[in-house]
Amino acid sequence: MDGTHLPMTGIRGGPITIYVRRCRAVPVGGSMVGMAGRNGSWWRRGGKMAPAAHGGVNAASARQVHNLLQVRDVFGDITLGSAGEHPSPEPVGTLVGELTDPFTLEVHRPVRAGDADLELDALPAYVPREHDARLAVTVRAAAEGRSGIAALVGGSSTGKTRACWEALGSLPEGWRLWHPIDPTRPGAALRDLGRLGPRTVVWLNEAQFYLADPSLGEQVAAGLRESLRDPDRGPVLVLATLWPEHWATLTSRPVNGGDPHAQARELLEGHRIPVPGAFTGTDLLALAEQADPRLAEAAERAGDGQVTQYLAGVPVLLDRYETASPATRAMVHAAMDARRLGAGPHLPLPLLADAVPGYLTGAEWDRAGDDWPERSLAYAAEPCNGVDGILTRVRPRPGDPPDAAPMYRLADYLDQHGRGSRAGEVPPTEFWTALADHLDPADLRDFADAAVGRGMYRDGARLYLRAAAHGDLEAGSSLVKLMHKSHPGDPRPARWVVASLPDEPDFDNPIGVVLLVWGLRDADAGREIDELADRIAARVPLTNTRVVAELLDCLCNAGADRRAIAALADRATQASLSDTTGVLSLLASLRKVKAYRQVEVLATRIAADVPLENARVLASFLGGMRQAGADAQAMALAARAAAGVPLEAPGAVAELLDALREAGADEQITTVLSSNPAGRVPITDPQKVERLLGSLRAAGAEEQIRVLLGRDLAGSVSLTSPDEPLAWKWLLSRLGEEGAGRQVESLTARAVAHLPLTDPGVVWALLYTLRKAGAGERIAALLGRDPASQVRLGDPYQVGHLLDALLEVGADRQIEQLLGRDPAAHCALITSDDPSGAWGVPVLGASLRAAGAETQIRVLAERVAQAPLDRPYLVATLVEFLHEMGTGPQFERLAGRIAAGLALDDPYSGGSLREVLTALREAGADRQADALVERLPGGGQFELFVEQTGTGDLFRYGRDPGGTSAGPWSWDDLT
């Protein structure tokens, strides 16, 4: 067992293969393998004490596990294949047992103790809190062999990373830690995800840098999701830390438009562990009992229990920032503005220095002196009390290419502080100019959007221009639209954008290409549209059929030359058929642009070549071909499908029958039914069984319906469905329509006796069904199971409807039981089914009023009045709710908070903000609405500000940082 890779030829399925598979499956957590070589005290103190021995494992068991682990260590990376296969690369990461420096994993350095002569551990003693216990559950599960993720969410310097460091100490020997950072965080993660092996911690400190990256973030999130659910890679443990605003960005479900963080949301949702910003109660008492002088100082001096922030040097940083010279504060403000508007953590020094003059008054600039850059930087970069300064130099790692300019990082806490204190500030022109001069062109479009969103039209146009000059198609589109808005008769911007496109534009970016076409159309740039259309038709790759379909649509709608559209349509007929949705979109687009010959060519390929393995896919193709007018090709595919498609799943059979029926393929339907699918398909999923019954009825397949109803559906279907918790209800309705009374009675009895009662929506639906059927005895039996004490209280919509159902059946005891659990205090204001809160809160409020639960209404109103204001799409509903409920004090409190603190930083929230303003005005809160309008420009919502104030003509050329209208400027001022 010297670690060499042994030849695997001829042993597939043999004893070595079996042994390797067994050892890969061995759990290595808890009592099986202890923390040999690493005790808790040594670990917590950052590796200063000598490791102690660990015991307590049965000797024979230990030897067996040791042998298995040795085999796994040797064979863990070997693919059990044929001769000539190469072994997998070494797994990523460092053995956890070899990690002794917490600061390399970005744990904050603590403040230095008052007595510099004291020899202290690298980190202060650790006081576990509630979030540590929740984190331990996930870590313990990983140690026992179950992959998982924990996302610690809290403000800057609240102890998120330290908690993750402490949690590593409970992992058994043999675990690795992978912290991808080089050359960039998302780049390193995506590059090496394929090497991620079992028993690995993925360390995603400041996870937004990995998951929110506009180019790679979704790929990283998708790769992590796959790693977590791949049993051959597990166990894998992902530890992530995020600020609350980054959590909101990554997990919010968009109400309108695209979904830029869908993969990240699926990765993170359900795994949030909140980290409080302060120590309270027993935590403070435990802190006071520690002998570490740093903890004693923090407990004494930290305000409002913010111990972790104090330990990370927050008071020192704030004091130095607040007492800095005007030039130094200006440099820090430039860094704060860059970070809050979207810059990465590493900021070029020339950017900060060039922006400074714009932040200073004339008198301050005169007094700054010629050496202000050196003095300001020296002050800001000076460490104090053992922690990094306001700005810290970021040095390239050995082997990395040198930076073009010195790079600095703003202290975390000041970064977060600036996001609040400068949230409504509009940076000066010098700031935007410095961005254009010193930032990577790939980042400029976002800053251009930020400038335009704050009314700085000329600065935004300059940034768009620079980004477009480097091939950014979306920036080119935005430039054309902005210039057309301010200078509608000038054709030069559109001509310049098209002429400046690189020889090989990024046609893999469909949004950019489509937006550019639309921008040119809005600017009446017909000649430029035709020129771009010719390039698209000749060069756009056919690998992404959805992109090709979208381009056909937009070129047609933009009035592009028909010859270019026809040329692209001709090429599109040879696109890959592997993406069903993309090919269907392409068929629809070809018909929309009247490329009928190309529809026929593509449909003929589909009919002849599409595989027959999946009935659902075939049904989709049949429907799409028929809608595209390719009836003959649809019939040809129907004939192939009827003769050769596997019919083993009830849902797929139903979809195929529906598609054949809609295509008029009666002969093929007969062929399908002759194979007796009703007698063969599994009948465990109630949703799919119901669907099949409906499809058979629509096809007039009486014999197959009798066959299906002759099977024990009521006794075989599961009462729960992975996709639809109320599937049993729809099946009951379908069985009733088919006159299957005995099946209905049997399934109803099962539901009453055995349905899980934790989902209030299920209980509500069952009560409704029973009441509609007049099944009083069944209702009594269900209520006898005491659902009110079992249902989850998180979804206000479902709980509200359950309360209504209990009122309708007169279940007074159950109503009392449910209200006694205080649903108003425990329901969520946002749920996955209702991300806008548009239904849930009002429904629960109305139900509570119907039940006479005024105390509960007041509790709910108090919660609504204090609801987070970071999601504008929720706020309008809450305003309307409090107004309609007549809760005056709570309404006034919420309206005041909205006026002063509603989040405005989402550039796509204009529609939601408009709804908030409308709700406020309809409720009579004109003063608060006016105050909110005044905040719009500083929050990046200048277009909505202009709309609300009717000042479009006044601000035709935008505004100055001080808020006055900008003077005229033109294309000549940009070039």
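Whatever comes next refers back to the structure up there.
Quick look at the structure, then.

Calculation criteria
Residues numbered from 1 in each chain as written. Predicted model: local features only at pLDDT ≥ 70, side-chain atom pairs only at ≥ 80, totals over all residues. Heavy atoms only, no water. Helix = DSSP H or I, 4+ residues; strand = E, 2+ residues; numbered from the N terminus. Buried < 20%, exposed > 50% of the residue type's maximum accessible area, 1.4 Å probe, protein only. Contact = heavy atoms within 4.5 Å. Areas by Shrake-Rupley, 256 points an atom, 1.4 Å probe, with all protein chains shown as cover. Pairing = 2+ DSSP bridges. Axes fitted to C-alpha atoms, helices over the stretch in contact; angles between N-to-C directions. Core = buried A, V, L, I, M, F, W, Y, C linked by side-chain atoms within 4.5 Å. Parallel < 35°, antiparallel > 145°, perpendicular 65-115°, else oblique. Nonpolar A, V, L, I, M, F, W, Y, C, P; charged D, E, K, R; others polar. Disulfide = S-S within 2.5 Å. Salt bridge = Lys/Arg side-chain N within 4 Å of Asp/Glu carboxyl O. Right-handed = clockwise from strand over helix to strand, strands pointing away.

What to know about the overall build of the chain
Piece 1. Helices and strands together make up the secondary structure of the chain, namely 53 helices and nine strands.
Piece 2. In the chain, buried positions account for 51% of the 975 residues.
Piece 3. When contacts within the chain are restricted to residue pairs at least 6 apart in sequence, those whose partners lie at least 24 apart make up 73%.
Piece 4. When the accessible area of the chain is evaluated, it comes to approximately 43200 Å², of which 50% is carbon and sulfur surface.

A short note on the sheet that holds strand S1 (residues 94-95)
Piece 1. Spatial strand order, S1-S3-S4-S5-S2-S6: six strands in an open sheet with mixed pairing. This sheet does not close on itself; its edge strands, each paired only once, are S1 and strand S6 (272-274).
Piece 2. Pairing of strand S2 (residues 148-153) with strand S5 (residues 236-242), which is carried by six bridges, proceeds in the parallel orientation. Bridge assignment links Leu 152 to a residue of S5, and that residue is Thr 241.
Piece 3. Contacts from helix H4 (residues 130-143) reach S2, S5 and S6, with the element oriented near 150 degrees to S6.

Quick notes on the nonpolar core
Piece 1. With 232 residues, the main nonpolar core has Ile 606, Met 625 and Ile 898 as its most contacted residues.
Piece 2. By residue number, the principal contributor to this core is helix H48 (residues 872-885), which donates nine residues.
Piece 3. Discounting chain neighbours no more than four positions away, the residues touching Ile 606 are Leu 577, Val 583, Leu 587, Phe 621, Met 625, Leu 637 and Arg 640.
Piece 4. Grouped together as the second largest cluster of nonpolar side chains are 27 residues, Tyr 126, Ala 167, Val 201 and Val 275 included.

Details of the packing of helix H29 (residues 580-592) against helix H31 (residues 615-627)
Piece 1. Where H29 meets H31, the axes come as close as 9 Å, and the angle between the chain directions of the two elements is 5 degrees. By the angle class used here, H29 and H31 are roughly parallel. Touching Thr 580, Val 583, Leu 584, Leu 587 and Arg 591 of H29 are Val 617, Ser 620, Phe 621, Gly 624, Met 625 and Gln 627, all from H31.
Piece 2. Here the contact of H29 with H31 is composed, by residue class, of six nonpolar, four polar and one charged.

Considering the pairing of S5
Regular strands have side chains that alternate between both faces of the sheet.
Piece 1. Judged by how many residues are buried, S5 sits mostly within the fold: seven of seven residues are covered.
Piece 2. What you see with S5 is no split at all: Val 236, Val 238, Ala 240 and Leu 242 on one side and Leu 237, Leu 239 and Thr 241 on the other are buried throughout.
Piece 3. Judged from the five bridges that link them, strand S4 (residues 200-204) and S5 form a sheet pairing that is parallel. Within the sheet, the bridge partner assigned to Leu 204 lies in S5 and is Ala 240.

Here's the deal with helix H19 (residues 412-421)
Piece 1. Here H19 lies mainly inside the structure; seven of its ten residues are buried.
Piece 2. Listed in full, the buried residues belonging to H19 are Asp 412, Tyr 413, Leu 414, Asp 415, Gln 416, Gly 418 and Arg 419.
Piece 3. Contacts made by the buried residues of H19 are with helix H9 (244-251), helix H13 (307-311), helix H14 (314-322), helix H15 (326-340) and strand S9 (407-410).

Regarding the environment of Glu 600
Piece 1. Mapped onto the secondary structure, Glu 600 falls in helix H30 (residues 596-609).
Piece 2. Judged by its relative accessible area of 48%, Glu 600 falls in the partly exposed class.
Piece 3. On a C-alpha basis, the gap between Glu 600 and Asp 631 in space is 9.5 Å, while along the polypeptide they are 31 residues apart.

Looking at the sheet that holds strand S8 (residues 391-394)
What links the strands of a sheet is backbone hydrogen bonding, and the strands pair in either a parallel or an antiparallel sense.
Piece 1. Taken in spatial order, the three strands of this open sheet run S7-S9-S8, and their pairing is antiparallel. A single partner strand is all that each edge strand has here, and the edge strands are strand S7 (347-348) and S8.
Piece 2. Bridge count for S7 against S9 is two bridges, and the pairing is antiparallel. Paired with Leu 347 across the bridge in S9 is Tyr 408.

Notes on unusual backbone geometry
Piece 1. Following Asp 182, the chain continues to Pro 183 via a peptide bond in cis, the omega torsion being 10 degrees.
Piece 2. By the element assignment, Pro 183 lies in the loop between strand S3 (176-178) and helix H6 (185-192).
Piece 3. Geometrically, the link from Gly 234 to Pro 235 is a cis peptide bond, its omega value of 0 degrees lying close to zero.
Piece 4. Mapped onto the secondary structure, Pro 235 falls in the loop between helix H8 (217-229) and S5.
Piece 5. Here Arg 199, not a glycine, exhibits a phi torsion of approximately 55 degrees, which is positive.
Piece 6. When you line up the elements, Arg 199 lands in the loop between H6 and S4.
Piece 7. Taking the relative accessible area as the measure of exposure, Arg 199 reaches 9% and is therefore buried.
Piece 8. A positive phi angle, close to 55 degrees, is found at Asn 676, a residue other than glycine.
Piece 9. Here Asn 676 is to be found in the loop between helix H34 (666-674) and helix H35 (677-680).
Piece 10. Note on Asn 676: relative accessible area 30%, which makes it partly exposed.

A short note on the packing of H15 against H19
Piece 1. At a minimum axis distance of 9 Å, the contact between H15 and H19 shows a crossing angle of 75 degrees. One way to sum up the angle between H15 and H19 is to call them roughly perpendicular. In this structure, H15 contributes Met 336, Arg 339 and Arg 340 to the contact, and H19 contributes Leu 414, Asp 415, His 417, Gly 418 and Arg 419.
Piece 2. Residues of the contact of H15 with H19, tallied by class, amount to two nonpolar, two polar and four charged.

So, the state of the cysteines
Piece 1. The final tally for this structure, using the stated rule, is zero disulfides.
Piece 2. Free of any disulfide, Cys 556 has its nearest cysteine sulfur in Cys 554, 9.7 Å distant.
Piece 3. By relative accessible area, Cys 556 is classed as partly exposed at 25%.

Points about the pattern of salt bridges
Piece 1. Under the definition given, this model contains 47 salt bridges.
Piece 2. Close ionic contact of Asp 337 with Arg 422 constitutes a salt bridge, the shortest N to O distance being 2.8 Å. Of this pair, Asp 337 sits in helix H15 while Arg 422 sits in the loop between H19 and helix H20 (429-438), placing them 85 residues apart in sequence. The exposure classification of Asp 337 matches that of Arg 422, with both residues buried.

A look at the pairing of S4
Piece 1. Counting buried residues in S4 gives five out of five residues, a clear majority hidden from the surface.
Piece 2. With burial as the criterion, each face of S4 is covered, one bearing Thr 200, Val 202 and Leu 204 and the other bearing Val 201 and Trp 203.
Piece 3. Strand direction decides the pairing type here: S3 and S4, joined by three bridges, are parallel. Counted as the bridge partner of Arg 176 is Thr 200 from S4.
Piece 4. Regarding the hand of the β-α-β motif, the stretch spanning S3, H6 and S4 is right-handed.

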